[in-house]
Amino acid sequence: MRLLHTSDWHLGQTLHNFDRIHEHGCFLDWLVDTLDQERIDVLLIAGDIFDNANPSAAAHRQLYRFLQRARSRAPHLQVVVIAGNHDSAGRLEAPTPLLEAYGTIIVGNVLRSSDGEVDLDRLLVPLHDHAGKVAAWCLAVPFLRPGDVPRLRAAAGDAPAAGDAPAAEAGLDPYLQGTTLLYRQAYALARERASHGQAIIAMGHCHMVDGQASLDSERRIVIGGTEALPSSMFDPGIAYAALGHLHLAQKVGGRENVRYSGSPLPLSFSEVNYQHQVLRIDLEGEHAVAITPLFVPRAVALLRVPAKPAPLDEALAALGALELDPDLPQHAWPFLEVRVLLDGPEPGLRARIEEVLAGKPVRLAKIEPTRRQVAVDDTALALSLDQLAQLQPDDVFRRLWLQKYGAEAPPEQIASFAELFHAVEGEPQ
């Protein structure tokens with residue numbers, strides 16, 4: 001049996017106000033071909049299908065068109081989707097009655113039975129091989145909020161129930177302990193249902209301990225000040241854990257079979273040199289015998305010019321020397337981040353950059369100014385309470401300028417500040 005693990009598509013995402021419909025379309029076209037060529041039985045999508053909880057009609061169309069085309073190319077294909085923290089669980093689940101008829105299972109919410117217990121049956125999905133026989137079971141656990149996890153026993157004298165977290169973990173944050181308990185209870189149920197030789201797969205959308213985040217592109221999941229979950233919550237008997245949320249592909253806790261697939265597209269310029277991927281998992285009986293990255297082609301280039309922040313004249317020269325394909329259609333023009341090292345404010349910065357780029361087939365997405373580090377004697381800026389009370393707004397402005405740039409504020413900047421201050425305060429000049 002062969003699985004494909006992907007996550008964090010973020011359909012509908014914009015990169016500094018540029019839409020990415022073309023890039024997502026190219027990825028989904030490639031994914032349809034890959035599912036067919038690799039003879040994939042089950043596609044696991046571990047959350048953050050959409051970039052926000054209210055995705056556009058275009059983003060919805062991309063998802064549904066992909067599911068229709070994938071099923072058409074691979075009629076045996078089964079798709080299991082869980083909600084991520086960016087997704088609206090209810091919106092994601094809404095078309096479930098239609099999609100189930102085409103082999104797609106979506107789990108967005110954690111439901112409870114009439115007695116208040118988590119409905120574990122709903123999280124347990126049988127997975128079918130190419131011949132249509134059940135060959136594995138999936139714990140399809142979506143992004144968990146504090147109210148989703150099992151209620152922990154409060155009384156010290158209570159006997160632990162089957163699958164309860166061990167006493168050694170009693171000191172964990174209640175959310176972490178509850179999440180661990182949910183996975184163990186779900187695994188225990190899967191173990192009861194699984195026949196000999198059937199593997200158990202887990203899915204999750206969460207931040208794991210020691211997980212490496214991608215700078216600038218991930219929304220922190222903060223729950224009571226604690227968010228990182230231990231890899232020990234996955235029972236050693238689990239053949240593979242397919243995770244979403246972190247955008248860099250990586251193993252977790254040193255375990256080969258507990259992995260993030262990462263996002264298929266670079267979601268910020270911090271990922272410019274990173275090779276995005278999906279993961280192919282080959283199962284034999286109850287075990288994953290091979291885990292293989294399949295690298296996603298990049299449809300649109302991301303450029304950082306210069307490679308390191310440089311003085312403005314050097315940066316402008318590097319931009320002028322850019323050689324780009326003039327025949328590229330506009331939707332395939334590279335995205336550009338310009339990195340400039342400045343000594344102080346540069347009011348005409350954007351205009352000078354745009355002048356150099358005029359006529360070049362490139363999209364200016366971001367200007368990243370970096371200020372030179374200036375050593376300032378903080379003792380010279382220290383004030384007593386009486387002195388603070390005597391400060392005027394222009395005094396504060398002068399001191400902040402000195403602290404940031406290590407020099408006295410130029411007269412024209414002081415004059416501009418005074419003009420702005422009087423305009424806001426409504427005082428005569």
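1. Some words on the environment of proline 146
Looking at the secondary structure, you find proline 146 in the loop between strand S8 (134–140) and helix H5 (174–193). Assessed through its relative accessible area of 48%, proline 146 is described here as partly exposed. It is 8.5 Å that separates the C-alpha atoms of proline 146 and glycine 178, two residues lying 32 residues apart in sequence.

2. Digging into the confidence of the model for the chain
For the chain, the mean per-residue pLDDT works out to 87, and 87% of the residues sit at or above 70. Taken as a whole, residues 154–162 scores under 50 in pLDDT and shows 5 contacts with residues more than four places along the chain or in a different chain.

3. Concerning the environment of alanine 202
Note on placement: alanine 202 falls in strand S9 (residues 199–205). On the accessibility criterion, alanine 202 (0% relative accessible area) is buried. Separated by 19 residues in the primary sequence, alanine 202 and tyrosine 183 have C-alpha atoms spaced 8.4 Å apart. Excluding its chain neighbours within four sequence positions, the residues that come into contact with alanine 202 are Leu139, Tyr183, Phe234, Ile238, Tyr240, Ala241 and Ala242.

4. Focus: the sheet that holds strand S18 (residues 335–342)
Ordered by their spatial adjacency, 3 strands build an open sheet running S17-S18-S19, and the pairing between neighbours is parallel. Each edge of the open sheet carries a strand with a single partner, namely strand S17 (302–311) and strand S19 (363–371). Along the sheet, successive strands turn relative to each other by an average axial angle of 15 degrees, direction set aside.

5. Quick look at the nonpolar core
Judged by nonpolar contacts, the single largest core of 54 residues is most densely connected at Leu44, Val80, Leu139, Met208 and Phe234. Among all residues touching valine 80, those that are not within four sequence positions of it are Val42, Leu43, Leu44, Ile45, Ile105, Val125, Leu127, Cys138, Ala140 and Met203. In terms of nonpolar packing, the next biggest core, distinct from the first, is built from 33 residues, Phe27, Ile49, Phe50 and Leu92 among them.

6. Some words on empty space enclosed by the protein
If a probe as big as a water molecule is rolled over the atoms, it shows which places are left empty. All told, the structure shown has 4 cavities of 30 Å³ or more when counted by the stated rule. By volume, the largest cavity is sized at about 80 Å³. Pro264, Pro266, Pro297, Arg298 and Ala299 are the residues nearest the centre of the largest cavity, which is lined by 13 residues in total. The residue inventory of the lining of the largest cavity, partitioned by class, reads 9 nonpolar, 2 polar and 2 charged. Space inside the second largest cavity adds up to approximately 50 Å³. Lining the second largest cavity, in full, are Val141, Pro142, Phe143, Leu144, Tyr175, Thr179, Tyr183, His205, Cys206, Leu229 and Met233. Top contributing element to the lining of the second largest cavity by residue count: H5, with 3 residues. Residues belonging to the lining of the second largest cavity are distributed by class as follows: 9 nonpolar, 2 polar and no charged.

7. A few points about the pairing of strand S14 (residues 255–260)
Counted residue by residue, S14 has 5 buried out of 6 residues, so it is predominantly covered. As judged from the 3 bridges shared by strand S12 (residues 240–244) and S14, these two strands associate in the parallel manner. Note on S14: the bridge partner recorded for alanine 242 is arginine 259. Of the strand pairs in this sheet, strand S13 (residues 250–252) and S14 are connected by 3 bridges, and their pairing is antiparallel. Bridge pairing links glutamine 250 to tyrosine 260 in S14. Counting the residues between successive antiparallel strands, the hairpin from S13 to S14 contains 2 residues, one of them, glycine 253, with a positive phi of roughly 60 degrees.

Reading guide: rules and limits
Residues numbered from 1 in each chain as written. Predicted model: local features only at pLDDT ≥ 70, side-chain atom pairs only at ≥ 80, totals over all residues. Heavy atoms only, no water. Helix = DSSP H or I, 4+ residues; strand = E, 2+ residues; numbered from the N terminus. Buried < 20%, exposed > 50% of the residue type's maximum accessible area, 1.4 Å probe, protein only. pLDDT = per-residue confidence, 0-100. Contact = heavy atoms within 4.5 Å. Pairing = 2+ DSSP bridges. Axes fitted to C-alpha atoms, helices over the stretch in contact; angles between N-to-C directions. Core = buried A, V, L, I, M, F, W, Y, C linked by side-chain atoms within 4.5 Å. 1 Å grid on protein atoms, 1.4 Å probe; cavity = no way out; pocket = protein on both sides within 12 Å on 5 of 7 lines; lining within 4 Å. Points joined across faces, edges and corners; volume = space filled by probe spheres on them. Nonpolar A, V, L, I, M, F, W, Y, C, P; charged D, E, K, R; others polar.

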